[in-house]
Amino acid sequence: MKDLRSHYGPWAAIAGSASGLGEAFARNLAAQGLNLVMIDKDADTLTRLSDILEKKHFIETRTVVLDLSEENASRQVLSQTGATGCHLLIYNAAYSHILPFLEYEPGALNRFIDTNCRTPLRLAYGFSRQIRDAGRGGIVLMSSLAGLFGTHLVAPYSASKAFNLTLAEALHYELRPYGIDVMSCLAGATATPAFLKTNPRRNFPAASVMDPQHVADAALKQLGRKTLYIPGYSNRLTYFLLQRLMPRRMAAGIVNRVMGRMYKQLND
């Protein structure tokens, strides 16, 4: 494992850092001595976490209260990464909703594109241009196992997460000559506030729902080693069975049946 501060520091930026996986990434990096640019639209939670990390780990933070679906969101983030000399970007922010596709409002569909696709694409472009001459750096784009197969009830989210994992895979090869490590983390069910609010039916083993800190810690250990990384043994086993041993149609059918059982109330 690389010394993250020496290789990517002294600053890192986390988009979507107030709670859940973003908070877990922030806690890990702060514990390793990296200063943080923390971006989130939840001002109060962001400020509280920033204060905690500064006092506990004697680091410096910059908080950016920002809705990452905004048209100029990438420019605002890049102004901070450029000013601090940041060499590590983690895009954890995501818009997600569990709803039958025909029940979405058009504005909600736009937020999937704006938050999950447009802003990370522009940020990856602008950030890699900022750091390409340094010969070192890292970009983590959070994806999801839902991005591996088209999944009903989360159709636009599933599609947007497929975008992120494909983008990261392509950038791994494009940016490797500049010393920039690019990875997509394909998380499974994770006990974040956003996931728990969806009230999934407990028709799956509790052990399959991962702790956010475990996911973030594991992902950072694999940065620079993996291009696509799936945290959790059970998740990796599921990936192997579905992707390697089954025809895609059969695997997608299994994924969609499981999803339907998890949120049976939406199908009734």
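Residues numbered from 1 in each chain as written. Predicted model: local features only at pLDDT ≥ 70, side-chain atom pairs only at ≥ 80, totals over all residues. Heavy atoms only, no water.

S.K.: Give a detailed account of the overall build of the protein, specifying residues and quantitative values.
M.R.: Regarding its fold elements, the protein presents 10 helices and 7 strands. Since a compact globule built from 268 residues should have a radius of gyration of about 18 Å, the 18 Å found for the protein is in line with a globular shape. By its C-alpha atoms, the protein is 50 × 40 × 35 Å across when sized along the principal axes. For the protein, the proportion of its 268 residues judged to be buried stands at 51%. Intrachain contacts of the protein at a sequence separation of at least 6 include 72% that bridge at least 24 residues. Across the protein, the mean location of the 30 positive side-chain charges is 8 Å away from that of the 21 negative side-chain charges. (Helix = DSSP H or I, 4+ residues; strand = E, 2+ residues; numbered from the N terminus. Rg over C-alpha atoms; globule rule 2.2 N^0.38 Å. Buried < 20%, exposed > 50% of the residue type's maximum accessible area, 1.4 Å probe, protein only. Contact = heavy atoms within 4.5 Å. Lys, Arg positive; Asp, Glu negative; His and termini not counted. Charge placed at Lys NZ, Arg CZ, Asp CG, Glu CD.)

S.K.: For the sheet that holds strand β7 (residues 228-229), give the residues involved together with the corresponding values.
M.R.: Reading across from one edge, β3-β2-β1-β4-β5-β6-β7 is the order of the 7 strands in this open sheet, with parallel pairing throughout. The outermost strands of the open sheet, each flanked by one partner alone, are β3 (61-65) and β7. Taken together, the 4 bridges between strand β1 (residues 11-15) and strand β4 (residues 88-91) define a ladder with parallel strand orientation. By the bridge assignment, Ile-14 is partnered in β4 with Ile-90. (Pairing = 2+ DSSP bridges.)

S.K.: How would you sum up the environment of Phe-58? Please name residues and give values.
M.R.: Here Phe-58 lies in the loop between α3 (43-57) and β3. Here Phe-58 falls in the exposed class, since its relative accessible area comes to 75%. Separated by 28 residues in the primary sequence, Phe-58 and Ala-30 have C-alpha atoms spaced 8.5 Å apart.

S.K.: How would you sum up the nonpolar core? Please name residues and give values.
M.R.: Core analysis: the largest hydrophobic core is formed by 33 residues, its most contacted members being Phe-25, Leu-29, Leu-36, Leu-53 and Ile-90. Element by element, the count of residues in this core is highest for helix α2 (residues 20-31), at 6 residues. Setting aside residues no more than four positions away along its own chain, Leu-53 makes contact with Ala-26, Arg-27, Ala-30, Leu-36, Met-38, Phe-58 and Ile-59. Listed in part, the 27 residues of the second largest apolar core include Trp-11, Cys-86, Ile-131 and Ala-168. (Core = buried A, V, L, I, M, F, W, Y, C linked by side-chain atoms within 4.5 Å.)

S.K.: So what about the packing of helix α4 (residues 73-84) against helix α5 (residues 106-131)? Which residues, and what values?
M.R.: The geometry of α4 relative to α5 is characterised by a closest axis approach of 9 Å and an angle of 30° between their N-to-C directions. The angle between the axes of α4 and α5 places the two elements in the roughly parallel class. Along this stretch, α4 crosses α5, giving a crossing that reads as right-handed. For the pair α4 and α5, the contacting residues are Ala-73, Ser-74, Val-77, Leu-78, Thr-81 and Gly-82 in the first and Thr-119, Arg-122, Leu-123, Gly-126, Phe-127 and Gln-130 in the second. Among the residues making up the contact of α4 with α5, the classes are represented as 5 nonpolar, 6 polar and 1 charged. (Axes fitted to C-alpha atoms, helices over the stretch in contact; angles between N-to-C directions. Parallel < 35°, antiparallel > 145°, perpendicular 65-115°, else oblique. Left-handed = near helix turned anticlockwise from the far one by under 90°. Nonpolar A, V, L, I, M, F, W, Y, C, P; charged D, E, K, R; others polar.)

S.K.: Could you give an account of α5, naming the residues involved and the relevant values?
M.R.: The terminal C-alpha atoms of α5 lie 37 Å apart, and with 26 residues this matches the ideal 38 Å at 1.5 Å per residue to within 8%. Along its length, α5 shows its largest kink, about 35°, at Asp-114. (Expected span 1.5 Å × (residues − 1). Bend = angle between axes of the 7 residues up to and from the residue.)

S.K.: Just give me the short version of the packing of aromatic side chains, but keep the residues and values in it.
M.R.: For the structure on display, the rule yields 3 aromatic pairs. For the pair Phe-101 and Tyr-104, a centre-to-centre distance of 6.5 Å together with 65° between the ring planes defines the contact as edge-to-face. Centroid distance Tyr-104 to Phe-112: 5.6 Å. Interplanar angle 85°. Geometry classified as edge-to-face. Like Phe-112, Tyr-104 is buried. Each member of the aromatic cluster is reached from another via a ring pair, and the members are Tyr-95, Phe-101, Tyr-104 and Phe-112. Just above the ring of Trp-11 sits the side chain of Arg-62; from NZ or CZ to the centre is 5.8 Å. (Phe/Tyr/Trp six-rings, centres within 6.5 Å; stacked < 30°, edge-to-face > 60°. Lys NZ or Arg CZ within 6 Å of the ring centre and 35° of its normal.)

S.K.: I'd like to hear about the side chain of His-172, residue by residue, with values.
M.R.: By secondary structure assignment, the location of His-172 is in helix α6 (residues 155-175). Using a relative accessible area of 16% as the deciding quantity, one classes His-172 as buried. Beyond its immediate sequence surroundings of up to four residues, His-172 is in contact with Val-182 and Thr-227.

S.K.: Pulling in residues and values, what's your account of the environment of Arg-111?
M.R.: Of note, Arg-111 is situated in helix α5. For the pair Arg-111 and Ser-96, spaced 15 residues apart in the sequence, the C-alpha separation amounts to 9.0 Å.

S.K.: Go over the pattern of salt bridges with me, naming the residues and quoting the values.
M.R.: Throughout the structure, instances matching the rule amount to 5 salt bridges. Among the salt bridges present, the one from Glu-23 reaches Arg-27, with a minimum N-O distance of 2.9 Å. Of the two residues, Glu-23 and Arg-27 both sit in helix α2, 4 residues apart, roughly one turn of that helix. For Asp-67, the salt bridge identified is with Arg-111, shortest N-O distance 3.5 Å. Of this pair, Asp-67 sits in the loop between β3 and α4 while Arg-111 is found in helix α5, placing the two residues 44 residues apart along the sequence. Of the residues examined, Arg-111 reaches a relative accessible area of 24% and is grouped as partly exposed. It is possible to trace a salt-bridge network through shared partners that takes in Glu-71, Asp-114, Arg-118 and Arg-122. (Salt bridge = Lys/Arg side-chain N within 4 Å of Asp/Glu carboxyl O.)

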